[in-house]
Amino acid sequence: MDELERTYMEAADGDACDALRRALGDALTEMASLSGQVSRRFVRAKSPADLARKLGPERREREAARSR
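Each value, and the rule that gives it
Every chain's residues receive numbers from 1 upward, in the order its sequence appears when written. The predicted nature of this model means local features are confined to residues of pLDDT at least 70 and side-chain atom pairs, given and counted, to a pLDDT of 80 or more, with totals for whole chains, interfaces and linings taken over all residues. In computing side-chain values, all of the structure's heavy atoms are included and hydrogens and water are not. Patch definition: residues above 30% relative accessible area lacking any salt bridge, with like charges linked at up to 9 Å and the nonpolar side chains Val, Leu, Ile, Met, Phe, Trp and Tyr linked at up to 5 Å. Working definition of accessibility: Shrake-Rupley area with a 1.4 Å probe, residue cover restricted to the visible protein chains. Take a side-chain nitrogen of Lys or Arg and a carboxyl oxygen of Asp or Glu: if they are within 4 Å of each other, that pair is a salt bridge. Each helix is a run of DSSP H or I of at least 4 residues and each strand a run of E of at least 2, with the numbering of both proceeding from the N terminus. Think of it in three bands: with a 1.4 Å probe and only protein chains considered, a residue is buried below 20% of the maximum accessible area for its type, exposed above 50%, and partly exposed in between. What pLDDT reports is the predictor's confidence in each residue, on a scale of 0 through 100.

K.L.:
Residues and numbers for a nonpolar patch on the surface, please.
P.N.:
A cluster of nonpolar side chains, namely Leu 24, Leu 28 and Met 31, defines an oily patch on the protein surface of about 320 Å² accessible area. When you line up the elements, Met 31 lands in helix α2 (residues 16–39). Given the relative accessible area of 53%, Met 31 is considered exposed.

K.L.:
Talk me through the pattern of salt bridges; I want residue IDs and the actual numbers.
P.N.:
On inspection of all chains with the given rule, the structure shows two salt bridges. Between Asp 18 and Arg 21 there is a salt bridge, with its nearest N and O atoms 4.0 Å apart. Of this pair, Asp 18 and Arg 21 both sit in helix α2, three residues apart, which is roughly one turn of the helix. For the salt bridge of Asp 18 with Arg 22, the shortest nitrogen-to-oxygen distance reads 3.1 Å.

K.L.:
Requested: an account of the confidence of the model for the protein, with residues and values cited.
P.N.:
With 62% of its residues at a pLDDT of 70 or more, the protein has an overall mean of 78. Within the protein, helix α3 (residues 48–55) has the poorest average pLDDT of any element, 67, and helix α1 (residues 2–11) the best, 88.

Printed below as a string of structure tokens:
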């Protein structure tokens, strides 16, 4: 997390408010992307834990196993 914080602070030239705005903007963009995937039925989940599991590294491993 410290590395991510440093990255945002460097991009914002040390301005904490700007760094927070940038981080929030990135988070909202990522949420919108995921929301679009869910609404197009690319991701199906019954609970947040299911969603995290489907979007996590295990998903990539399952997909790789299926393609073998």
